[in-house]
Amino acid sequence: MSRKLEFIVLAILLIFAAQFIYMSSTTDAEYGGADGEAEKVINDITGGTYEPAAKPFWEPPSGEIESLLFGLQAAIGAGVLGYFFGYYRAKKNYENKLGYKENGKSEGDRHSL
């Protein structure tokens, strides 16, 4: 990367970090998921008669373990997607480099038919 681009990226990161620190220190916001909020809205609409259709067969012992499992699930999914995107990109690069086209024939083979 050029020096100018490095400085721009660094400036953007510093701006976001400063904004995050400022917002975190000046508000009492509690970070939570949307599941609890949706249940509250449904209870308000139905008058408190909402019952979930399914119940979990296992609950993690703490919120930290639940977050760990969610992060692990996201990491595994990103790894699988990254592998396949990398595989097909490398395959395309090698085919282009070696001159192969569809059905394993090169450009010269197709014209000789």
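Residues numbered from 1 in each chain as written. Predicted model: local features only at pLDDT ≥ 70, side-chain atom pairs only at ≥ 80, totals over all residues. Heavy atoms only, no water.

Student: What exactly am I supposed to notice about helix H3 (residues 63–98) here?
Tutor: An α-helical turn contains 3.6 residues, so any two residues separated by three or four positions project in the same direction. Helix length check: H3, at 36 residues, gives a terminal C-alpha distance of 52 Å against a target of 52 Å (1.5 Å per residue), a fit within 8%. A positive backbone phi angle near 90° is found at Gly-99, which sits one or two residues after H3. (Helix = DSSP H or I, 4+ residues; strand = E, 2+ residues; numbered from the N terminus. Expected span 1.5 Å × (residues − 1).)

Student: Looking at this structure, I do not really get the layout of surface pockets. What am I missing?
Tutor: If you roll a probe as big as a water molecule over the atoms, it shows you where there is empty space left. Reported here for the largest pocket is a volume of approximately 170 Å³. Every residue lining the largest pocket is listed: Asp-35, Gly-63, Glu-66, Ser-67 and Phe-70. At four residues, the largest contribution of residues to the lining of the largest pocket is made by H3. (1 Å grid on protein atoms, 1.4 Å probe; cavity = no way out; pocket = protein on both sides within 12 Å on 5 of 7 lines; lining within 4 Å. Points joined across faces, edges and corners; volume = space filled by probe spheres on them.)

Student: Please clarify how the pattern of salt bridges should be interpreted in this entry.
Tutor: As a working rule, side chains carrying opposite charge can pair if their charged atoms are close by. For the structure shown, the criterion picks out two salt bridges. For the salt bridge of Glu-6 with Arg-3, the shortest nitrogen-to-oxygen distance reads 3.2 Å. One end of the pair is Glu-6 and the other is Arg-3, both in helix H1 (residues 3–26) and three residues apart, which spans about a single turn. Of the residues examined, Glu-6 reaches a relative accessible area of 30% and is grouped as partly exposed. For Arg-3, a relative accessible area of 61% puts it in the exposed group. Of the charged contacts in the structure, one is a salt bridge between Glu-37 and Lys-40, with a shortest N-O distance of 3.6 Å. Placement of both Glu-37 and Lys-40 in helix H2 (residues 34–46) is noted, with a separation of three residues, approximately one turn of the helix. (Salt bridge = Lys/Arg side-chain N within 4 Å of Asp/Glu carboxyl O. Buried < 20%, exposed > 50% of the residue type's maximum accessible area, 1.4 Å probe, protein only.)

Student: Looking at this structure, how should I read a negative patch on the surface?
Tutor: Together, Asp-35, Glu-39, Glu-59 and Glu-66 make up a negatively charged patch on the protein surface. Along the chain, Glu-59 falls in the loop between H2 and H3. Overall, Glu-59 belongs to the exposed group, its relative accessible area being 58%. (Patch = residues over 30% accessible without salt bridge, like charges linked within 9 Å, V, L, I, M, F, W, Y side chains within 5 Å. Areas by Shrake-Rupley, 256 points an atom, 1.4 Å probe, with all protein chains shown as cover. Lys, Arg positive; Asp, Glu negative; His and termini not counted. Charge placed at Lys NZ, Arg CZ, Asp CG, Glu CD.)

Student: Sorry if this is basic, but what is going on with a nonpolar patch on the surface here?
Tutor: On the surface, Phe-57, Trp-58, Ile-65, Leu-69, Leu-72, Ile-76, Val-80, Tyr-83, Phe-84, Tyr-87 and Tyr-88 cluster together into a nonpolar patch covering about 1200 Å² of accessible area. With respect to the helices and strands, Tyr-88 occurs in helix H3.

Student: It is not clear to me how the packing of aromatic side chains should be interpreted in this structure. Could you clarify?
Tutor: For any pair of aromatic rings, the description consists of the separation of the ring centres together with the inter-plane angle of the planes. For the coordinates displayed, the defined rule picks out three aromatic pairs. Each ring, one from Tyr-83 and one from Phe-84, has its centre 5.2 Å from the other, and the planes form 80°; the classification is edge-to-face. By relative accessible area, Phe-84 is classed as partly exposed at 42%. Residue classification places Tyr-83 among the exposed positions, given a relative accessible area of 53%. (Phe/Tyr/Trp six-rings, centres within 6.5 Å; stacked < 30°, edge-to-face > 60°.)

Bear in mind that shape data such as this cannot, by itself, settle questions of function.
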